[in-house]
Amino acid sequence: MKALMIKDTYSIWKQMKLMVLMVVIFSVVPTPFLNIFAVTYASMIPYTAAALDEQSRWPAMAAMMPYRPMDMVLSKYALGWIFIGGAMMISLVAGAVRALVMQTVFTYSVICIGAMAALVVMSITMPLIFKFGVEKGRLVVIFLIALICGSAAAVSKVDIQNMPVNGLFLIVGVVVTVVISGVSVFIACRIYERSMR
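Residues numbered from 1 in each chain as written. Predicted model: local features only at pLDDT ≥ 70, side-chain atom pairs only at ≥ 80, totals over all residues. Heavy atoms only, no water.

Caption draft 1: A look at the overall build of the chain. Helix and strand content of the chain: nine helices and zero strands. Looking at the chain residue by residue over its 197 residues, the buried ones come to 44%. Expressed as a percentage of contacts within the chain between residues at least 6 apart in sequence, the contacts between residues at least 24 apart total 81%. Total accessible area computed for the chain in this model is approximately 10700 Å², and 73% of it derives from carbon and sulfur atoms. (Helix = DSSP H or I, 4+ residues; strand = E, 2+ residues; numbered from the N terminus. Buried < 20%, exposed > 50% of the residue type's maximum accessible area, 1.4 Å probe, protein only. Contact = heavy atoms within 4.5 Å. Areas by Shrake-Rupley, 256 points an atom, 1.4 Å probe, with all protein chains shown as cover.)

Written as structure tokens, this is what we have:
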């Protein structure tokens, strides 16, 4: 699976640099929507990799190699997890620095909730991408963009200051997100296995 992730990283290197730049810019701007969008935007990286795979007919070549369906699926999910985690860390650091410089209150919970929303969005759409493909599933991509923008807007509207966001709330959110991600990986693996038959 490591080799697959390295392959994806090389193939989307230009998009990665653009994403990192956008995440940094959106994280520094003192607007909740852009801060959340910076994290949720990272969930689009696996779809870029999947689109490039389709264009190069990689799935057909991979079928002749000793890769398990689980490896093929998990490599895409892991790519998304890594980028969402990285975007979250950049946003947290940028938000903390901005709060220190501007002497404002920094609510890290918003970024954490945004990261969980991004993971849920990815979990919902990844099985659809494996089922229909990126090129054929243009409606899925439109649905994905709408979900990302909607998630960012919804989370940015949450009044965290007056909401009982505590450690238990975040722990429950993490557990629910992990369960949804696990179910999504299982479904995507079954879909990929059937497509290879």
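Still more to cover.
Caption draft 2: Broad picture of helix H7 (residues 108-132). When the terminal C-alpha atoms of H7 are compared, their 36 Å separation across 25 residues agrees well with the 36 Å that a helix rising 1.5 Å per residue should span. Counting buried positions along H7 yields 19 of 25 residues, so the element is predominantly enclosed. Looking at the residues trailing H7, positive phi occurs at Gly-133, about 85 degrees. (Expected span 1.5 Å × (residues − 1).)

Caption draft 3: Up close: the packing of aromatic side chains. Following the criterion strictly, the structure yields two aromatic pairs and no others. Here Tyr-77 and Trp-81 contribute two aromatic rings whose centre-to-centre distance is 5.8 Å and whose plane-to-plane angle is 50 degrees, an arrangement assigned as tilted. Highlighted residues: Tyr-77 and Trp-81, both in helix H6 (residues 69-102), separated by four residues, approximately one helical turn. According to the relative accessible area criterion, Trp-81 is partly exposed, its value standing at 34%. Note on Phe-130 and Tyr-192: the rings are 6.0 Å apart at their centroids and 90 degrees apart in plane angle, and the pair reads as edge-to-face. Of this pair, Phe-130 sits in helix H7 while Tyr-192 sits in helix H9 (residues 167-195), placing them 62 residues apart in sequence. (Phe/Tyr/Trp six-rings, centres within 6.5 Å; stacked < 30°, edge-to-face > 60°.)

Caption draft 4: Looking closely at the environment of Arg-194. One can find Arg-194 in helix H9. Judged by its relative accessible area of 55%, Arg-194 is exposed.

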